[in-house]
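# Structure at a glance
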Amino acid sequence: MKFILSPSAKSKENKILLSISDFKTSGKLFGDGKRNIIKLFELEGMTMNIKSFKIPNLINKIAYRYFRKSKARRSFEYATLLLEKGIGTPQPIAYLENYNWIGLKDSYYASEHLLCDLTYRELVEIPAYPDHENILRQFTRFSYSLHQKGIEFKDHSPGNTLIKKSVEGQYDFFLVDLNRMNFHEEMSFELRMKNLCRLTPVKEMVAVMSNEYAKVSGESEDLIFEALWKYTTDFQEKFHRKKRLKKKLKFWK
């Protein structure tokens, strides 16, 4: 077993370990648990979010033991790095990896559970959401700040940014599901646009984001929209093609 704890959580070490060891039989389920299982635990006046990652296949068991960092470790380390760079994310608490003779058996990532007012998904699904355009423009500026700091959040998708209203008309943004990230000295224009293409299929939203990104970056709005809409439609076509293929395979089974 490998257990790494955030220095700020040192006094709670035994309770955190107990929560992870009792994960299967305790805690409150959060989400549908289809892929990774997330449970909530009360921890001295705060709510702790523990994610149990899907048990890896044989190849990944070996890879995560000897060649690659586990998803739990990456989540913890990336969260720490994001906070150092001034990017919002729930406070990391700990990660734990269990091994057997083959390799990685299972792994867990614990963080502070953050209550939010909405995610980006609500902006896509509810066009009349209150203060919609203002939130979208602030989200775009947040994404630009990620790019300026060289942060390529590879899972920059609708459910992975939590949004909290701070004061009237102002919002704070927090990234979750952190195990897939790249960090660059500088991000090219193409990479920036590709990083935004998974967020929405709604052309009007892409237009607003292009307008705001142009304002903060100084790039041509037409150039941004043309590139971002192209990558967005490419992604949507690929996404729906994959869904159709899965449906066909399921039918033939």
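Summary of the structure given here.

Here is what the cut-offs are and how they apply
In every chain, residue numbers begin from 1 and rise along the written sequence. Local features in this predicted model are restricted to residues of pLDDT 70 or higher, and side-chain atom pairs are both shown and tallied only at a pLDDT of 80 or more, whereas totals for entire chains, interfaces and linings draw on every residue. Side-chain descriptors were evaluated using all non-hydrogen atoms of the structure, hydrogens and water having been removed beforehand. Salt bridge criterion: a side-chain nitrogen from Lys or Arg within 4 Å of a carboxyl oxygen from Asp or Glu. Strands are runs of DSSP state E lasting at least two residues, helices are runs of H or I lasting at least four, and both sets are numbered from the N terminus onward. Accessible area is worked out with a 1.4 Å probe on protein chains only. A residue is then buried under 20% of its type maximum, exposed over 50%, and partly exposed in between. Note: two strands are recorded as paired if DSSP finds a minimum of 2 bridges between them. Each axis is a line fitted through C-alpha atoms, taken for helices only over the stretch in contact, and angles between the N-to-C directions span 0 to 180 degrees. Any angle that is under 35 degrees is reported as roughly parallel, and any over 145 degrees as roughly antiparallel; angles of 65 to 115 degrees are reported as roughly perpendicular and all others as oblique. Crossings are assigned a handedness: left-handed for a near helix turned anticlockwise from the far helix by less than a right angle, right-handed for a clockwise turn. A contact between two residues is defined here by any heavy atoms of the two lying within 4.5 Å. Any residue outside Ala, Val, Leu, Ile, Met, Phe, Trp, Tyr, Cys, Pro, Asp, Glu, Lys and Arg is labelled polar, Gly included; the first ten of those are nonpolar and the last four are charged. Helices are assigned an expected span. That span is 1.5 Å times one less than the residue count. What counts as a ring pair is set by centres within 6.5 Å for rings of Phe, Tyr and Trp (its six-membered ring), and what kind of pair is set by the plane angle: stacked under 30 degrees, edge-to-face over 60, tilted for all other angles. Placement of a charge over a ring requires the Lys NZ or Arg CZ to be within 6 Å of the ring centre, with the centre-to-atom vector within 35 degrees of the ring normal.

### With respect to the pattern of salt bridges
- Counted under the stated rule, the structure contains 15 salt bridges.
- For arginine 141, the salt bridge identified is with glutamate 212, shortest N-O distance 2.7 Å. In this pair, arginine 141 is assigned in helix H5 (residues 132-148) and glutamate 212 in helix H7 (residues 203-217), connecting sequence segments 71 residues apart.
- It is possible to trace a salt-bridge network through shared partners that takes in Glu133, Arg137, Arg141, Glu212 and Lys215.

### Notes on the pairing of strand E5 (residues 92-99)
- Most of E5 sits inside the fold, with six of its eight residues counted as buried.
- As defined by bridge partners, E5 adjoins strand E6 (residues 104-112) across seven bridges and the pair is classed as antiparallel. Residue pairing for E6: tyrosine 99 is matched across the bridge by leucine 104.
- Hairpin connection, E5 to E6: the antiparallel pair is bridged by four residues.

### Re the packing of H5 against helix H6 (residues 189-196)
- Packing of H5 against H6 brings their axes to within 11 Å, and their N-to-C directions diverge by 135°. Taken together, the axes of H5 and H6 are oblique relative to one another. Where H5 crosses over H6, the two elements pack in a sense that is right-handed. When H5 is examined against H6, the residues Ser143, Tyr144, His147 and Gln148 are found in contact with a partner set consisting of Arg192, Asn195 and Leu196.
- Within the contact of H5 with H6, the residues separate by chemical class into two nonpolar, four polar and one charged.

### As for H7
- The terminal C-alpha atoms of H7, which comprises 15 residues, lie 21 Å apart, in line with the 21 Å expected from a rise of 1.5 Å per residue.
- Downstream of H7 by one or two residues, glycine 218 has phi in the positive range, about 85°.

### A short note on the packing of aromatic side chains
- This model, assessed by the stated rule, comprises 11 aromatic pairs.
- Ring centres of phenylalanine 76 and tyrosine 95 lie 5.4 Å apart, and the angle between their planes is 55°; this geometry places the pair in the tilted category. Within this pair, whereas phenylalanine 76 is found in helix H3 (residues 71-84), its partner tyrosine 95 is found in strand E5, the two being separated by 19 residues in sequence.
- Measuring from ring centre to ring centre gives 6.4 Å for phenylalanine 225 and tryptophan 229, while their planes differ by 5°; the resulting arrangement is stacked. Of this pair, phenylalanine 225 and tryptophan 229 are both found in helix H8 (residues 221-252), four residues apart, which corresponds to roughly one turn of the helix.
- Accessibility expressed as a relative area gives 24% for phenylalanine 225, which makes it partly exposed.
- Of note, lysine 39 hangs over the ring of phenylalanine 23, and the distance from its end group to the ring centre comes to 5.3 Å.
- Sitting above the plane of the tyrosine 66 ring, arginine 65 keeps its charged end 5.4 Å from the centroid.

### Observations concerning the sheet that holds E5
- The six strands are arranged E1-E5-E6-E4-E3-E2 in an open sheet whose pairing can be described as antiparallel. This sheet does not close on itself; its edge strands, each paired only once, are strand E1 (2-5) and strand E2 (28-30). Neighbour to neighbour, the strand axes of the sheet diverge by 20° on average, direction disregarded.
- Alignment of strand E3 (residues 37-43) against strand E4 (residues 46-52), held across seven bridges, turns out to be antiparallel. Paired with isoleucine 38 across the strands is lysine 51, a residue of E4.
- Sheet strands touched by H3: E1, E5 and E6. Its angle to E5, the strand with the most contacts, is close to 160°.

### Examining the packing of H5 against H7
- Packing of H5 against H7 leaves a shortest axis separation of 9 Å and a crossing angle of 50°. Judged on the interaxial angle alone, H7 and H5 are oblique. For the crossing formed where H5 meets H7, the hand is right-handed. Contacts from His132, Glu133, Leu136, Arg137, Phe139, Thr140, Arg141, Tyr144 and His147 in H5 reach Met205, Val208, Met209, Asn211, Glu212, Tyr213, Lys215, Val216 and Ser217 in H7.
- Split by residue class, the contact of H5 with H7 holds eight nonpolar, five polar and five charged.

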